[in-house]
Amino acid sequence: MDTEVPNMVTAVLADYRGFDTMFETVVVFIAGLALLAILKSSSSSKRIKREHEVEAEPDLIVTNTVRLIVPVIQIFAFYVLAHGHVSPGGGFQGGVLMGASFILVALSWDLDEALARFSLNRCMTVAALGIFIYAGIGLLSMALGGEFLDYAELHKILPVSPEMARYHAMLGVEIGVGFTVAAIMFALYANLSSGGRLRDGL
Amino acid sequence: MGLELFNTFILLLLVASALLALRVKDLITASVVFGVYSFLMCLLWAEMGAVDVAFTEATVGAGISTVIMVATIFNLKRKSSD
């Protein structure tokens, strides 16, 4: 075996086909950027009143349930992300779960409440940081004498065997994928639900 | 035998929900039925042993994409013929 990762799906996705997965993450990032650019230029700042709208406070039962359930979703997201090379899961699924927890906040209060916790600027910074982590690990293994994304070279700076170095590097790139996916999923929802105005939401 | 029966049942429901998603007029209904389709697909994949794919389908297909489609449809001006 080249790697100590028990979950073969993750080993193929993040290691053998690491180049493919990296640019999949870039595709997600570009999709988010494109949506931002399109809706920013086409959105009018004036608010259109929609037919289904009513003036109401956020529902007490809904908000209190969400208050209880969001921390559980986020801890589960971290578990899926960190345990992705042992059991099913990984960066993509963990990131989507993390993004979904912020979408849940936006659905049960309103968009402003969710954007106060995870603003759009921070979203795009985190998304870019995710790709930076992924490419950084690839470039680091290049700088150590291997090829791009050849994680085994990392055993020169980590106190582990080459197989375990691939194991840890896979966790690293999964974290990068998770960052990008979580931020972009929330940015997509925030822009689409408000038509690019980033106010009021649904 | 039991598993084959289960597979056949899920497959029939899958085809039914796919046809329903195409036939319904209302866009919100169609996107919710599409979420049901994703979830049945997820059940089939989990049963066939592709748990990673099933997990992705459950989170992305049945979860996020339904929410994003509904969010987009709310921002459209809907005019139905009926």
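Residues numbered from 1 in each chain as written. Chains lettered and ligands numbered in written order. Predicted model: local features only at pLDDT ≥ 70, side-chain atom pairs only at ≥ 80, totals over all residues. Heavy atoms only, no water.

Engineer: Which residues make up the overall build of chain B, and what values go with them?
Structural biologist: The secondary structure content of chain B amounts to three helices and zero strands. The order of helices and strands in chain B, counted from the N terminus, is α-α-α. By its C-alpha atoms, chain B is 50 × 25 × 10 Å across when sized along the principal axes. Out of the 82 residues in chain B, the part that is buried amounts to 32%. Contacts in chain B between residues at least 24 apart in sequence constitute 58% of all its contacts with a sequence separation of at least 6. A total accessible area of about 5100 Å² is found for chain B, and carbon and sulfur atoms account for 73% of it. For chain B, the separation between the mean place of its 5 positive charges and that of its 6 negative charges on side chains is 24 Å. (Helix = DSSP H or I, 4+ residues; strand = E, 2+ residues; numbered from the N terminus. Buried < 20%, exposed > 50% of the residue type's maximum accessible area, 1.4 Å probe, protein only. Contact = heavy atoms within 4.5 Å. Areas by Shrake-Rupley, 256 points an atom, 1.4 Å probe, with all protein chains shown as cover. Lys, Arg positive; Asp, Glu negative; His and termini not counted. Charge placed at Lys NZ, Arg CZ, Asp CG, Glu CD.)

Engineer: Report on the nonpolar core, specifying residues and quantitative values.
Structural biologist: Of all hydrophobic cores here, the largest spans 58 residues; its most connected members are Cys123(A), Met124(A), Tyr134(A), Tyr151(A), Ile184(A) and Phe186(A). Only helix 1 (8–16), helix 2 (18–42), helix 3 (60–82), helix 4 (91–108), helix 5 (111–117), helix 6 (120–143) and helix 7 (162–194) of chain A together with helix 3 (51–74) of chain B provide two or more residues apiece to this core. It is helix 7 of chain A that contributes the most residues to this core, 17 residues altogether. Discounting chain neighbours no more than four positions away, the residues touching Phe186(A) are Phe102(A), Ile103(A), Ala106(A), Ala114(A), Leu115(A), Phe118(A) and Cys123(A). Leu14(B), Leu40(B), Met41(B) and Leu44(B) belong to the second-largest nonpolar core, a separate cluster that totals five residues. (Core = buried A, V, L, I, M, F, W, Y, C linked by side-chain atoms within 4.5 Å.)

Engineer: Account for the environment of Leu188(A), with residues named and values stated.
Structural biologist: With respect to the helices, strands and loops of the structure, Leu188(A) is situated in helix 7. Classification of Leu188(A) by relative accessible area gives buried; the value is 18%. Through-space distance from the C-alpha of Leu188(A) to that of Ala128(A) is 15 Å; in sequence the pair is 60 residues apart. Not counting residues within four places of it along the chain, the set of residues in contact with Leu188(A) comprises Gly32(A), Leu35(A) and Ile68(B).

Engineer: If you had to explain the pattern of salt bridges to someone new, which residues and values would you point to?
Structural biologist: Residues and elements named next belong to chain A. Following the criterion strictly, the structure yields three salt bridges over all chains and no others. Asp15 is the partner of Arg166 in a salt bridge, and the nearest nitrogen-oxygen pair spans 2.6 Å. Taken as a pair, Arg166 in helix 7 and Asp15 in helix 1 lie far apart in primary sequence, 151 residues in all. The buried category is assigned to Asp15, whose relative accessible area is 8%. For Glu113, the salt bridge is made with Arg117, and the minimal N-O distance between the two is 3.2 Å. (Salt bridge = Lys/Arg side-chain N within 4 Å of Asp/Glu carboxyl O.)

Engineer: Go over the interface of chain A and chain B, please, and point to the residues and values.
Structural biologist: Contact with chain A, which involves 24 residues of that partner, is made by 13 residues of chain B. Roughly 1600 Å² of surface becomes buried between chain A and chain B when both sides are summed, with 76% attributable to carbon and sulfur atoms. Our count for the chain A to chain B interface comes out at zero salt bridges. Run the count over chain A and chain B and you get three residue pairs in polar contact (both at pLDDT 80 or more). Within the residue set of the side of chain A that touches chain B, elements represented by two or more residues are helix 1, helix 3, helix 4 and helix 7 of chain A. If one sorts the elements of the side of chain A that touches chain B by residue count, helix 4 of chain A sits on top with seven residues. (Buried area = accessible area lost by both parts, 1.4 Å probe. Polar contact = N/O pair within 3.5 Å; in protein donor to acceptor, adjacent residues only side chain to side chain.)

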